[in-house]
Structures are given as structure tokens and as C-alpha cells.
Amino acid sequence: MTKSLATSTVLTMALALTGTATTAYAEPIVPSDHELVWADEFDTDGLPDTGKWAYDIDRNKEGWFNNERQYYSDRRRENARVENGSLIIEARADAAEIAKFPDWGKQPYSSARLRTLGKASWTYGAVEVRAKLPCGRGTWPAIWMLADDKATPWPDSGEIDIMEHVGFDPGNIHFSTHTKNGNFIEHTEKTAAKKVPTACTEMHRYQLRWTPNLIVMGVDDERAFSFKRPSMKRADWPFDGPFHILLNIAVGGDWGGAKGIDPAALPARMEVDYVRVYQKKKS
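From a predicted model like this one, the values you see are computed outputs, not experimental measurements.

Reading guide: rules and limits
- Residues numbered from 1 in each chain as written.
- Predicted model: local features only at pLDDT ≥ 70, side-chain atom pairs only at ≥ 80, totals over all residues.
- Heavy atoms only, no water.
- Helix = DSSP H or I, 4+ residues; strand = E, 2+ residues; numbered from the N terminus.
- Rg over C-alpha atoms; globule rule 2.2 N^0.38 Å.
- Contact = heavy atoms within 4.5 Å.
- Areas by Shrake-Rupley, 256 points an atom, 1.4 Å probe, with all protein chains shown as cover.
- Lys, Arg positive; Asp, Glu negative; His and termini not counted.
- Charge placed at Lys NZ, Arg CZ, Asp CG, Glu CD.
- Core = buried A, V, L, I, M, F, W, Y, C linked by side-chain atoms within 4.5 Å.
- Buried < 20%, exposed > 50% of the residue type's maximum accessible area, 1.4 Å probe, protein only.
- Disulfide = S-S within 2.5 Å.
- Phe/Tyr/Trp six-rings, centres within 6.5 Å; stacked < 30°, edge-to-face > 60°.
- Lys NZ or Arg CZ within 6 Å of the ring centre and 35° of its normal.
- 1 Å grid on protein atoms, 1.4 Å probe; cavity = no way out; pocket = protein on both sides within 12 Å on 5 of 7 lines; lining within 4 Å.
- Points joined across faces, edges and corners; volume = space filled by probe spheres on them.
- Nonpolar A, V, L, I, M, F, W, Y, C, P; charged D, E, K, R; others polar.
- Pairing = 2+ DSSP bridges.
- Salt bridge = Lys/Arg side-chain N within 4 Å of Asp/Glu carboxyl O.
- pLDDT = per-residue confidence, 0-100.

### A look at the overall build of the chain
So, point 1. Looking only at helices and strands, one finds three helices and 18 strands in the chain.
So, point 2. The C-alpha radius of gyration of the chain comes to 18 Å, within 12% of the 19 Å expected for a compact globule of 283 residues.
So, point 3. Considered along the principal axes of its C-alpha atoms, the chain spans approximately 50 × 40 × 40 Å.
So, point 4. Pairs at least 24 residues apart make up 73% of the contacts formed inside the chain by residues separated by at least 6 positions.
So, point 5. Split by element, the accessible area of the chain, about 11700 Å² in all, is 51% carbon and sulfur.
So, point 6. Of the side chains in the chain, 36 bear a positive and 39 a negative charge, and the two mean positions are spaced by 2 Å.

### Focus on the nonpolar core
So, point 1. Membership of the largest hydrophobic core comes to 52 residues, with the highest contact counts inside it found for Met145, Ile160 and Tyr206.
So, point 2. Counting six residues, the second-largest nonpolar core is a separate cluster that includes Tyr72, Trp140, Ala250 and Trp255.

### So, the state of the cysteines
So, point 1. Counted under the stated rule, the structure contains one disulfide.
So, point 2. Here Cys135 engages in a disulfide with Cys200; their sulfurs sit 1.8 Å apart. One quick way to see it: the torsion about the S-S bond of Cys135 and Cys200 is about 70°, and its sign makes the bridge right-handed. One end of the pair, Cys135, is in the loop between β9 (125-132) and β10 (139-147); the other, Cys200, is in the loop between β13 (190-195) and β14 (204-210), with 65 residues separating them in the sequence.

### Comments concerning the packing of aromatic side chains
So, point 1. If you walk through the whole model with that rule in mind, you get 12 aromatic pairs.
So, point 2. Look at Phe227 and Trp237: their rings are 5.5 Å apart centre to centre, the planes differ by 45°, and that puts the pair in the tilted class. Separated by 10 residues along the polypeptide, Phe227 in strand β16 (residues 222-228) and Trp237 in the loop between β16 and β17 (243-251) bring together distant segments of the chain.
So, point 3. Clustering of aromatic rings is evident, with ring pairs tying together Tyr124, Trp210, Phe227, Trp237, Phe239 and Phe243.
So, point 4. Geometry around Phe65 places Arg59 over its ring, the cationic atom sitting 4.3 Å from the centre.
So, point 5. The ring centre of Tyr274 lies 3.5 Å from the NZ or CZ of Arg276, which sits over that ring.

### Points about the layout of surface pockets
Unoccupied space between atoms shows up once a probe the size of one water molecule is rolled over them.
So, point 1. Its boundaries defined by the atoms lining it, the largest pocket holds a volume of some 450 Å³.
So, point 2. Lining of the largest pocket is provided by 24 residues; of these, Phe65, Arg113, Leu146, Lys150 and Trp154 occupy positions nearest its centre.
So, point 3. At the level of elements, β8 (113-115), β10 and β17 are the ones that each hand at least two residues to the lining of the largest pocket.
So, point 4. The dominant element in the lining of the largest pocket, judged by the number of residues it contributes, is β10, at three residues.
So, point 5. Of the residues belonging to the lining of the largest pocket, the class tally is 10 nonpolar, six polar and eight charged.

### Examining the sheet that holds strand β12 (residues 172-178)
So, point 1. Pairing within the open sheet is antiparallel, and its seven strands lie in the order β3-β8-β17-β10-β11-β12-β13. Of all the strands in the sheet, the pair left with one neighbour each is β3 (54-55) and β13.

### Some points on the pattern of salt bridges
So, point 1. Counted by the stated rule, this structure contains 25 salt bridges.
So, point 2. Note that Glu78 is salt-bridged to Arg76, the shortest N-O span being 3.7 Å.
So, point 3. As a salt-bridge pair, Arg76 and Asp94 come within 3.0 Å of each other at their nearest N and O atoms. Of this pair, Arg76 sits in the loop between β4 (70-72) and β5 (80-83) while Asp94 sits in the loop between β6 (86-91) and α3 (95-98), and the two are 18 residues apart along the sequence. Asp94 shares its class with Arg76; the two are buried.

### Quick word on the confidence of the model for the chain
So, point 1. This prediction gives the chain a mean pLDDT of 92; 91% of its residues lie at or above 70.
So, point 2. Contacts of residues 3-19 to residues separated by more than four positions or lying in other chains number 29 contacts, the stretch itself having pLDDT below 50.

See the structure below:
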């Protein structure tokens, strides 16, 4: 989620240098020897389950990273709710309404950023999120993971982007990892993209398989990204500790807003059918 516009401009070069997989092919990304260990099926209407999800509002007052222009709300139905079997995360142009909140940082848009931090986290396994994405220009939805370790600064602590999408480039899904020695600031992140033409009109399964030596990501059991552990150095591979899941829609920003924000695009919503986490069965 911390990717900049420069990422897309150097994508071809980065893929050539890193050896990241670019050819999609069918395979079970969630292994058959894994079992379901955590899930939210979003079956109960109302606010998201606070036993599973927390709201990330930490930087509302000072502003969010990447020059993003959204305010992330806390338990506000307009921005995050469960209805008809799906989680709805909705970005809105409603500055007059959110201006009353004490942590408002003068953002013109509202949205939500849900995370499992403090509720659930995992080391290795597989994640599958079935979702339909917004396609409006200026929207930047993401399904991703960050380390629970807050003592280590980003990007040293690591980041796994299971799905990123920018509305000015509809249907182009991005997968990335960020580490101390491979991140977007230095244009050295491991990244790949895959065209999913119906990403904004149909549900698709965005998937991660994560082992001690390999990260694989894809859509609907088609691999689009793979990153093999390059060394035992944490600077190359910080993915040996607990990570949590985040779901959000950013508005604008260096990448998401690179071609402006279409006022007619809002409100815009990401619909999530389920989030499922699997880990290897214990023998």
C-alpha cells in the first residue's frame, strides 16, 4: 500500500532484475495440506465484528502517507459496514460531515482502513480474500499485510501487498513485497501485475501463499507473483514473524491520485465476500 507512482514506471525493469514471476499459470495457491484457522464470512449485518477487526485511525490528524487525501473513520457505517453477506468499505466525498470529528486533518474525503492488528496475526500460511474492487479515478483499494513488530520501522519490518489497484488503470492488479533491501523508495521492490478485466464488476479471489522461503500471490488460482527468499538476512527477508491483514480504500495520493480524482467516482466501494486464513495442518 506504500507504493508510489514511480513503481509503475519502473515495473518492467524491476521484474527483469528481480526474477519475479510474470507469467500466470493455474495452480492451487492455497495448498491442500492447509486448514482454515481464521475467517470472516461477513454474515451479520451492521458494523464489522470488533472481535476480528480494528480501525486504523493513527494518522488522521497529521495526514496519511503518500500524500493520500482520505480521513479514515472509526466505527462509521458510511465507511465500513456489513450488508447482504459482504463487507462494504466505502470512500466518500463528505468533508462537511467528517469535519466535526476531533482528529479530522482537513481531508476532503472519508474512507475506512480495517486491520486485524491486536485481534489476530499469523506467521506463514495462506490468505484468500474474495472481493470486487472500485474503478473510479483516484481510488486506491488494497488488501495487504504488515508486521506486528512496531519497534522496527518500515520498510525494514516488511510488507506484503496481496492486491493493489488504482482506478485510473482499471483491471490491472498489482502484487508486491517491500523490505529494507527491496522497496518502492529505492525502486527495488519485488512486484508484478496481472490483468483482471472484470475486477470492478465481479468478485475474484486474491490469494497469498507464504512459507519460510517463498511468497506466491495470484488471482483465482493463477499465480502472478513469486519471490524466493534471497538470503538469511532480515534486510532481504523480514517475513519470519507475525503479520496482520489490512483492508482499505485510499483516495488520491502519489500513485492513486497521479491522474487526479474524479468527483463522479465517489462514493466508491470495495465489496469483500470473505477473508480466510489457512495454515499447514499439524501432523
